[in-house]
Amino acid sequence: MTLSPQQIRLLKQTFLDYQQTSEFLERPLIIDKAQGLYYWDSDGKRYFDSIGGIFVASLGHRHPRVVEAVKRQLDLITFAPPLHGVSDITLQFVDKLASVSPQGLTFVKPYSGGSESVESALKFVRQYYKQTGRAQKYKFVSRYYGYHGSSFGAMSASGTGKRKTPFEPQMAGFLKVMPPTCLRDRFDSWEECNRFAAGMFEDVIVQEDPNTVAGIIVEPVGNTGGIITPTNEYYRMLREICDRHDVMLIFDEIITGYGKTGSMFAAQTYGVTPDIICGGKGLSSGVLPLGAMIARQDMGDAFFGPAESEIQFAHGNTFAGNPLACAAGIAVIDEIVERNLCAKAGRLGEYLRGKLEGLKQYGVVREVRGKGILLGVELVKDTDTNEPFPELGRDLKQTALDNGLIMRIDPSWFAVAPALIAEETDMDELVDLIDKSLKQALDKIQR
Ligand SMILES: Cc1ncc(COP(=O)(O)O)c(C=O)c1O
């Protein structure tokens, strides 16, 4: 793809996220059109988008039902100020999201994205403890390799070194433990490793003093770090630890929500109910920026009192609950529920997983993991030593793009999470593209 002088100048007047513009200029991707499972670049080349943008286009790009809902809303109201008003469509979105959330989680506050949802959940928990007589509970425990967003609190809860170190010092009161995937080679079984990894949360809580700890925040299936997929027991243990020490369990479902794992939320897939879920990304299928914090009703009730009580949440965002975004969110949830897309994600995921397992024939795949259609493949130099293979991932990124395929590659693993509109034939096309790209990348490296 060749860029015009004006495009080059403009790219130097802005940023892409988490990458060097110079690197992007060597291999630019200007996307002009998207529909369903595909992007088209400005040269007209088509790409299979295996991750819905970046875990966002849950129903594919520009889903007609979602686009239609937003068009209808454009004729009614496009902005209501959260400081002194709310539109009915925003309240309908609250109702809709509560209706598909795990039992008891009916307190919903819409936001404009993932970081806003996480930031608000952290502040909500701190204020909740302050005004319910446990003011000294303020610390959060999360995982290394986790990512919860770019704002200061969400970043402090994140365990992704390179995205944090330029901004140190981090906020005080954020502690980390290792995720199970990083520890697995030290244990005889995956189950035992997960038990140990879950137990570390309790160790930290006890050492810090449970009276000072407010919450645990985790992605049920962790993207950064390579689709980290703990056992059901791991999350059962986290729930029990939180109950034992009066600590809130927060699931960051910004990637895992809205059907991908085979249920509306991964909490339901894992059979564990957290106290708070944070949502974003696929909630509007990428049509408009939308996120949400979904909390236990009784936690929300703790902020309800007479005007003079001043116990309202001391937090707000101008665009939170934007009517257009909420109209999109309602359409997404209706489509998932009416077409039973959670069950479809489970079926399709099994099919896709089986096909991805076939890549093991190349001797560089350690594991295929994930839940539903949110799947990751770990690349290693050899399956005896399990040494990571970042060179292969870096090359795979280029060959995949050359072959018209977009995946999340980082660089010793890659992830796919195709939109819920996909069918088995689309999975065949996707795995053919991955297979071809992997073979070419390996050839290049081994030459
Ligand atoms: C798990 C997770 N949490 C939070 C965020 C932050 O969301 P946003 O980029 O919409 O602010 C992301 C974004 O990638 C994410 O993957």
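The following refers to the structure shown. (Residues numbered from 1 in each chain as written. Predicted model: local features only at pLDDT ≥ 70, side-chain atom pairs only at ≥ 80, totals over all residues. Heavy atoms only, no water.)

**Re the packing of helix H9 (residues 190-208) against helix H10 (residues 232-245)**
- It is at 9 Å that the axes of H9 and H10 come closest, and there the two elements cross at 20°. The angle between the axes of H9 and H10 places the two elements in the roughly parallel class. Crossing of H9 over H10 shows right-handed handedness. Facing Glu191, Asn194, Arg195, Ala197, Ala198, Gly199, Phe201, Glu202, Ile205 and Val206 of H9, the residues of H10 in contact are Glu233, Tyr234, Met237, Leu238, Ile241, Arg244 and His245. (Axes fitted to C-alpha atoms, helices over the stretch in contact; angles between N-to-C directions. Helix = DSSP H or I, 4+ residues; strand = E, 2+ residues; numbered from the N terminus. Parallel < 35°, antiparallel > 145°, perpendicular 65-115°, else oblique. Left-handed = near helix turned anticlockwise from the far one by under 90°. Contact = heavy atoms within 4.5 Å.)

**Topic: the site of the ligand**
- Inspection of the region around the ligand gives Gly113, Gly114, Ser115, Tyr147, His148, Gly149, Glu219, Asp252, Ile254, Ile255 and Lys281 as its neighbouring residues.
- One nitrogen or oxygen atom from the main chain of Gly114 is found 2.9 Å from an oxygen atom belonging to the ligand.
- Protein chains shield 78% of the accessible area of the ligand, which is 390 Å² for the free molecule.
- Of the residues in the shell around the ligand, the class split is three nonpolar, five polar and three charged. (Near = heavy atom within 4 Å. Polar contact = N/O pair within 3.5 Å; in protein donor to acceptor, adjacent residues only side chain to side chain. Areas by Shrake-Rupley, 256 points an atom, 1.4 Å probe, with all protein chains shown as cover. Nonpolar A, V, L, I, M, F, W, Y, C, P; charged D, E, K, R; others polar.)

**Quick look at the side chain of Ser101**
- Structurally, the position occupied by Ser101 is in the loop between helix H5 (88-100) and strand E4 (107-111).
- With a relative accessible area of 9%, Ser101 lands in the buried category.
- A polar contact of 2.7 Å, which involves the side chain of Ser101, links it to the backbone oxygen of Leu97.
- Once you skip the residues sitting within four places of it in the chain, Ser101 turns out to touch Phe265, Gln268 and Ile294. (Buried < 20%, exposed > 50% of the residue type's maximum accessible area, 1.4 Å probe, protein only.)

**Some points on helix H14 (residues 341-357)**
- Across its 17 residues, H14 extends 23 Å between first and last C-alpha, which sits within 8% of the 24 Å expected from 1.5 Å per residue.
- Along H14, the residues classified as buried are Leu341, Cys342, Lys344, Ala345, Leu348, Gly349, Leu352 and Leu356. Looking straight down H14, one finds that the buried residues subtend no more than 135° of arc, so they occupy a single side. Set apart from the buried face of H14 by more than 90 degrees, the exposed residues are Arg347 and Glu350.
- On its buried face, H14 sits against helix H13 (323-338), strand E11 (365-371), strand E12 (374-379), strand E15 (413-416) and helix H16 (424-446). (Expected span 1.5 Å × (residues − 1). Arc of directions from axis to C-beta.)

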